[in-house]
Amino acid sequence: MDRGSKPAVLVTGGAGYIGAHTAKALSERGYFPVVFDSLSSGFREAVRWGAFVHGDIRDARAVADALDEYGAKSVIHFAGLIEVGRSVVQPDLFWEINVAGTVSLLTAMRERGVERMVFSSSAAVYGQGGRGALETIPEGAAKAPASPYGDTKLACEWMIEAQCRAYGLSAVALRYFNAAGADPSGLIGEAHEPETHLIPLAIAAALGEAKPLTVFGDDFDTPDGTCLRDYIHVNDLAAAHVAALEVELPAGAFEAVNVGTGKGNSVREVVDAVGRAAGRPVPHSVGARRAGDPPSLVADASRAKELLGWEPVCSDLDRIVADALRWEAQPAYGSGRRATDRKAQPAS
Ligand code: UFG
């Protein structure tokens with residue numbers, strides 16, 4: 001792709017779900033995304049904007065070479081492992097890739113004088129947090145990760161903050177709530193293998209392409225007994241990254257910002273929304289609670305507006321579900337539920 005005079009941004013993990021949507025948003029905003037990805041869980045087909053470098057973030061030399069080749073002075077860092085359950089059984093791997101990988105990346109960034117970093121953090125840093133069940137969570141809430149995955153995200157935040165102080169990097173850690181939906185173009189979407197997230201599983205169940213959904217518990221202390229989550233459209237999330245890249249910050253500044261809507265939806269509300277969008281009910285049953293699931297995780301999203309001037313514009317639940325359904329019905333990649341499989345087995 002012809003780069004022209006567009007500023008390059010290194011996007012680690014840019015072949016993954018949120019990374020690919022952010023690469024598209026960067027490109028639309030006039031940047032040149034340079035996707036650096038090992039393809040261990042991302043998809044080459046998701047890299048459609050800018051350049052692609054196949055590499056591992058633990059390889060500081062390869063990262064430095066990519067920064068040199070494109071002259072990138074900013075980095076958006078998504079690369080890492082994300083499955084909460086897997087982090088419980090393989091914590092060493094999560095520390096190795098998420099934490100040691102980020103150390104290695106920071107070393108290369110320091111050597112090459114990178115000035116701005118945006119880091120993919122998570123609401124998992126809060127855990128249950130000791131707050132009242134239905135309170136929204138401000139950034140200053142207690143940090144009590146409930147999994148090694150959350151531990152690694154918090155450790156990375158601390159490390160990045162220290163690196164900002166030490167050499168004048170400025171960074172924004174975005175603490176995502178529940179990323180969902182897909183770009184309406186149909187070019188990119190959610191393709192996790194294995195898929196564990198509620199909305200894709202509910203859609204697959206409605207389309208008859210997966211087993212009925214199990215609702216993990218309906219005896220929580222919430223209005224309908226099922227868990228509340230703050231679902232944020234992946235394109236709103238992508239826009240938050242662009243805003244975090246551009247916000248004026250003094251050298252050495254570190255900011256951690258929630259990215260959510262401030263509004264919770266219950267598992268039952270999601271199941272109903274998927275049923276409406278699919279035109280048929282989601283086959284489901286209620287099962288036991290999933291270990292570690294807090295009853296409610298809803299952002300206090302005021303800081304994102306104040307600092308980044310960012311607000312969600314497409315995170316209405318029905319819109320999220322409609323965009324996710326369009327993708328799930330005809331995914332452009334992802335071996336779990338390929339378009340070809342669907343042709344062989346149309347939903348009825
Ligand atoms: N759920 C079900 N059945 C399923 C799958 C999920 O009832 O088959 C429920 C969960 O119990 C939860 C809600 O749907 O109440 C959402 O679950 P997801 O697995 O879609 O998402 P989580 O809230 O568990 O996880 C999200 C991010 C993680 C992040 C975490 C922070 O996907 O990366 O928030 O706590 F770590």
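Since this is a predicted model, take the numbers as computed values, not measurements. All chains use their own residue numbering, which begins from 1 and follows the written sequence. Local features are withheld for residues below a pLDDT of 70 in this predicted model, meaning they are given only at 70 or higher, and side-chain atom pairs are given and counted only at 80 or more; totals for whole chains, interfaces and linings count all residues. The side-chain values count all of the structure's non-hydrogen atoms but skip hydrogen atoms and water molecules.

Quick word on the nonpolar core
Leu10, Met109, Met117 and Ile160 are the most contacted members of the largest nonpolar core, which totals 33 residues. Filtering out sequence-adjacent residues up to four positions away, methionine 117 remains in contact with Val75, His77, Leu105, Leu106, Met109, Ile160, Leu169, Ser170, Ala171 and Val172. Formed by 32 residues, the second largest nonpolar core is a distinct cluster that contains Ile76, Ile232, Ala253 and Leu308. We call a set of buried Ala, Val, Leu, Ile, Met, Phe, Trp, Tyr and Cys residues a nonpolar core when their side-chain atoms join them within 4.5 Å. Exposure classes here rest on a 1.4 Å probe applied to the protein chains alone. A residue is buried below 20% of its type maximum, exposed above 50%, and partly exposed in between. By definition, residues are in contact when any of their heavy atoms lie within 4.5 Å.

Digging into the sheet that holds strand β14 (residues 296-297)
DSSP calls a pair of strands paired once it identifies at least 2 bridges connecting them. A run of H or I in DSSP becomes a helix once it reaches four residues, and a run of E becomes a strand once it reaches two; helices and strands are each numbered from the N terminus. Read from one edge to the other, the open sheet built from three strands follows the order β12-β9-β14, with strand pairing classed as mixed. Every interior strand has two partners, whereas the edge strands, β12 (265-266) and β14, have only one. Here strand β9 (residues 228-229) runs beside β12; their pairing, made up of two bridges, is antiparallel. Counterpart to arginine 229 in the pairing with β12 is asparagine 265.

Section: the pattern of salt bridges
Salt bridge, as used here, is a side-chain nitrogen of Lys or Arg placed within 4 Å of a carboxyl oxygen of Asp or Glu. Counted under the stated rule, the structure contains 21 salt bridges. The salt bridge partner of aspartate 293 is arginine 229, with a shortest N-O separation of 3.7 Å. Of this pair, aspartate 293 sits in the loop between β13 (284-287) and β14 while arginine 229 sits in strand β9, placing them 64 residues apart in sequence. Residue aspartate 293 is classed as buried on the basis of its relative accessible area of 15%.

Comments concerning the site of the ligand
Only a single heavy atom is needed: when it lies within 4 Å of a molecule or strand, its residue is near that molecule or strand. Every one of the 20 residues lining the ligand counts as a neighbour, but His197, Thr214, Arg229, Arg290 and Asp293 are closest to it. N or O atoms within 3.5 Å of each other form a polar contact, as long as, within protein, one can give a hydrogen and the other can take it, and as long as residues adjacent in sequence are counted only when both atoms are side-chain atoms. With respect to the ligand, the backbone of threonine 214 contributes an N or O atom lying 2.7 Å from a nitrogen atom. The side chain of arginine 229 places a nitrogen or oxygen atom 2.8 Å from an oxygen atom of the ligand. Using a 1.4 Å probe, accessible areas were evaluated by the Shrake-Rupley method; residue-level cover was limited to the displayed protein chains. Taken by itself the ligand offers 680 Å² of open surface, and the protein chains cover 89% of this. Elements supplying a minimum of two residues to the shell around the ligand: α6 (198-206) and β8 (213-216). Ranked by the residues each element gives to the shell around the ligand, the list is headed by β8, at four residues. In terms of residue class, the shell around the ligand is made up of 12 nonpolar, five polar and three charged. Each residue receives one of three labels: charged for Asp, Glu, Lys and Arg, nonpolar for Ala, Val, Leu, Ile, Met, Phe, Trp, Tyr, Cys and Pro, and polar for the others, Gly being one of them.

So, the side chain of glutamine 163
Tracing the backbone through its elements, the reader meets glutamine 163 in helix α5 (residues 148-167). Under the relative-accessibility criterion, glutamine 163 is labelled buried at 15%. Contact partners of glutamine 163, with chain neighbours within four places excluded, come to Leu106, Arg110, Gly168 and Leu169.

Let's talk about the sheet that holds strand β6 (residues 170-176)
Spatial ordering of the open sheet is given by β3-β2-β1-β4-β5-β6-β11, a layout of seven strands whose pairing is parallel. Each end of this open sheet is capped by a strand with a single partner; those strands are β3 (51-54) and β11 (254-259). For this sheet, the mean angle separating the axes of adjacent strands, direction not counted, is 20 degrees. When strand β1 (residues 8-12) meets strand β4 (residues 74-77), the two strands line up parallel, connected through four bridges. What sits directly across from leucine 10, in β4, is valine 75. Throughout, an axis means a line fitted to C-alpha atoms (over the contacting stretch in the case of helices), and angles, computed between N-to-C directions, take values from 0 to 180 degrees.

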